[in-house]
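Each chain is listed here by its residues.
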Amino acid sequence: MSERRNCLVANDWICGEYVRSRGQELVDATVQHVGITAVSVVLGVLVSFPLALLARRRRSFAGAVLGLTTVLYTIPSLAMFSLLLPLFGLSASLVITGLVLYSLTILVRNILAGLQAVPEEAVEAARGMGYGPVRLLWEVELPLALPALLAGVRIATVSTVALTTVGAIVDYGGLGTLILDGLDSTFKAQVLTASVLCVLLALVADLLLLGLQRLLTPWTRATRTPRIRRRPVAVKVAEPA
């Protein structure tokens, strides 16, 4: 047993005994990290979509919406949490609200870019078929804007996975809480393990969303042209007369 615990005593960066002995702690932190990230991204999409519609339909608001979301993104996380603290206190809502505000600049721009890239011919054809504004949006414009929208969700998700760790300052940072505690106590194995799990979460989330994007937008896949095997053609040479 003493040999198995040598890595903990030596405070090594890589320590299998730490993973075995703190498995439940790692699972709880990972679950909290995933939960905060998922809720933040979903709420970010729900807030960004009407803002993007407003920016597209009323160009006078486009500059204000894009400018405001950009300004929010430039606010340092510590300052953001301090500004939100009187409203939410030391809670998960404080972290989630901050993450939602940070995601707006990415999501609004991608949704707006996707909607603006919808071919005018498709819109005019749908209107000619009697589509109203709501039906036109949900059945024509939104499906065609999905590639850009989902690309924005992927970027926002990976960014949110990283930013969630900042919530450790209020004890709602998921794996970030373990990283911060490990740094304070110079516990190398805890810092490295939690950091690696955070990176893996970002990679897995990106791959899952990429799969969802390919599933929902099959027309964006490059179609492979099958190779046509040419059979040799026999050339008959006429005999001289």
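Before reading further, recall that the structure is shown in the block above.
Below is a short write-up of the structure.

## Some points on the nonpolar core
Here comes step 1: Of all hydrophobic cores here, the largest spans 23 residues; its most connected members are Phe-49, Ile-111, Leu-115, Leu-149 and Val-153.
Here comes step 2: Broken down by secondary-structure element, the contributors of at least two residues to this core are helix H3 (23-57), helix H4 (59-74), helix H6 (92-116) and helix H8 (133-163).
Here comes step 3: When near neighbours in sequence (up to four residues on either side) are disregarded, Leu-115 contacts Leu-53, Arg-56, Leu-137, Glu-141 and Ala-145.
Here comes step 4: One finds Cys-7, Phe-187, Ala-194 and Cys-198 within the second-largest nonpolar core, a separate group that totals 15 residues.

## Some words on unusual backbone geometry
Here comes step 1: For Asp-171, which is not glycine, the phi torsion reads 70 degrees and is therefore positive.
Here comes step 2: Its location among the elements puts Asp-171 in the loop between H8 and helix H9 (175-185).
Here comes step 3: Classification of Asp-171 by relative accessible area gives exposed; the value is 51%.
Here comes step 4: Its identity is not glycine, yet Thr-186 carries a phi of approximately 50 degrees, on the positive side.
Here comes step 5: Assignment of secondary structure puts Thr-186 in the loop between H9 and helix H10 (188-216).
Here comes step 6: By relative accessible area, Thr-186 is classed as exposed at 54%.

## Considering the environment of Ala-117
Here comes step 1: Note on placement: Ala-117 falls in the loop between H6 and helix H7 (120-128).
Here comes step 2: Sequence separation between Ala-117 and Leu-144 is 27 residues, and the spatial gap between their C-alpha atoms is 8.3 Å.

## Notes on the pattern of salt bridges
Here comes step 1: Applying the stated rule across the entire model yields 6 salt bridges.
Here comes step 2: For Asp-206, the salt bridge is made with Arg-154, and the minimal N-O distance between the two is 3.0 Å. Pair noted here: Asp-206 is in helix H10 and Arg-154 is in helix H8, with a separation of 52 residues, a long-range link.

## Structural notes on a nonpolar patch on the surface
Here comes step 1: Taken together, the side chains of Val-39, Val-42, Leu-43 and Leu-46 make up a nonpolar region of the molecular surface, amounting to roughly 340 Å² of accessible area.
Here comes step 2: Along the chain, the position of Leu-46 falls in helix H3.

## Notes on the packing of H3 against H8
Here comes step 1: Running from N to C, H3 and H8 cross one another at 140 degrees; their axes reach a closest spacing of 10 Å. On the basis of the axis angle, H3 is oblique to H8. Relative to H8, H3 is oriented so that their crossing is right-handed. Packed against H3, whose contacting residues are His-33, Thr-37, Ser-40, Val-41, Val-45, Phe-49, Leu-53 and Arg-56, the element H8 presents Leu-137, Trp-138, Glu-141, Leu-142, Val-153, Ala-156, Thr-157, Thr-160 and Val-161 at the interface.

## Focus on the environment of Thr-165
Here comes step 1: Within the secondary structure, Thr-165 sits in the loop between H8 and H9.
Here comes step 2: Between the C-alpha atom of Thr-165 and that of Leu-175, which follows or precedes it by 10 residues, the distance is 6.3 Å.
Here comes step 3: Excluding residues that lie within four positions of it along the chain, Thr-165 makes contacts with His-33, Gly-173, Gly-176 and Cys-198.

## Re the packing of aromatic side chains
Here comes step 1: Using the criterion set out here, one finds 2 aromatic pairs in the structure.
Here comes step 2: On the numbers, 5.9 Å between centres and 35 degrees between planes, the contact of Phe-49 with Trp-138 is tilted. Of this pair, Phe-49 sits in helix H3 while Trp-138 is found in helix H8, placing the two residues 89 residues apart along the sequence.
Here comes step 3: Under the relative-accessibility criterion, Phe-49 is labelled buried at 14%.
Here comes step 4: Taking the centre distance of 6.2 Å and the plane angle of 90 degrees together, the rings of Tyr-73 and Tyr-102 count as edge-to-face. Here Tyr-102 lies in helix H6 and Tyr-73 lies in helix H4, a separation of 29 residues in the sequence.
Here comes step 5: Its relative accessible area of 6% is what places Tyr-102 among the buried residues.
Here comes step 6: Taking NZ or CZ as reference, Arg-135 lies 3.9 Å from the ring centre of Tyr-131, over its face.

What counts, and at which threshold
- Each chain carries its own residue numbering, running from 1 in the written order of its sequence.
- Residues qualify for local features only when their pLDDT is at least 70, as the model is predicted, and side-chain atom pairs are given and counted only at 80 or more; totals for whole chains, interfaces and linings, by contrast, use all residues.
- The side-chain quantities take in all heavy atoms of the structure and omit both hydrogens and water.
- We call a set of buried Ala, Val, Leu, Ile, Met, Phe, Trp, Tyr and Cys residues a nonpolar core when their side-chain atoms join them within 4.5 Å.
- The buried label goes to any residue with under 20% of its type's maximum accessible area, the exposed label to any with over 50%, and the partly exposed label to all in between, with areas taken from a 1.4 Å probe on protein chains only.
- Numbering of helices and strands runs from the N terminus; a helix is a DSSP stretch of H or I covering at least four residues, while a strand is a stretch of E covering at least two.
- Throughout, a residue-residue contact means that at least one pair of heavy atoms, one from each residue, lies within 4.5 Å.
- Any carboxyl oxygen of Asp or Glu that lies within 4 Å of a side-chain nitrogen of Lys or Arg is treated as forming a salt bridge with it.
- Every patch collects residues that have over 30% relative accessible area and no salt bridge, joining them within 9 Å if they carry like charges and within 5 Å if they are nonpolar side chains (Val, Leu, Ile, Met, Phe, Trp, Tyr).
- Each accessible area is a Shrake-Rupley result for a 1.4 Å probe, and residues are judged covered by the shown protein chains and nothing else.
- Inter-axis angles, ranging from 0 to 180 degrees, are taken between N-to-C directions of lines fitted to C-alpha atoms, where helices are fitted over the stretch in contact.
- In these notes the angle categories are as follows: under 35 degrees is roughly parallel, over 145 is roughly antiparallel, 65 to 115 is roughly perpendicular, and the rest is oblique.
- Crossing handedness is defined as follows: a turn of the near helix away from the far one that is anticlockwise and smaller than a right angle gives a left-handed crossing, while the clockwise case is right-handed.
- Geometry of aromatic contacts follows a simple scheme: Phe, Tyr and Trp rings, the Trp one being its six-membered ring, pair when their centres are within 6.5 Å, and the pair is stacked under 30 degrees between planes, edge-to-face over 60, tilted otherwise.
- Only lysine NZ and arginine CZ atoms are considered, and such an atom sits over a ring when it is within 6 Å of the ring centre and within 35 degrees of the ring normal.

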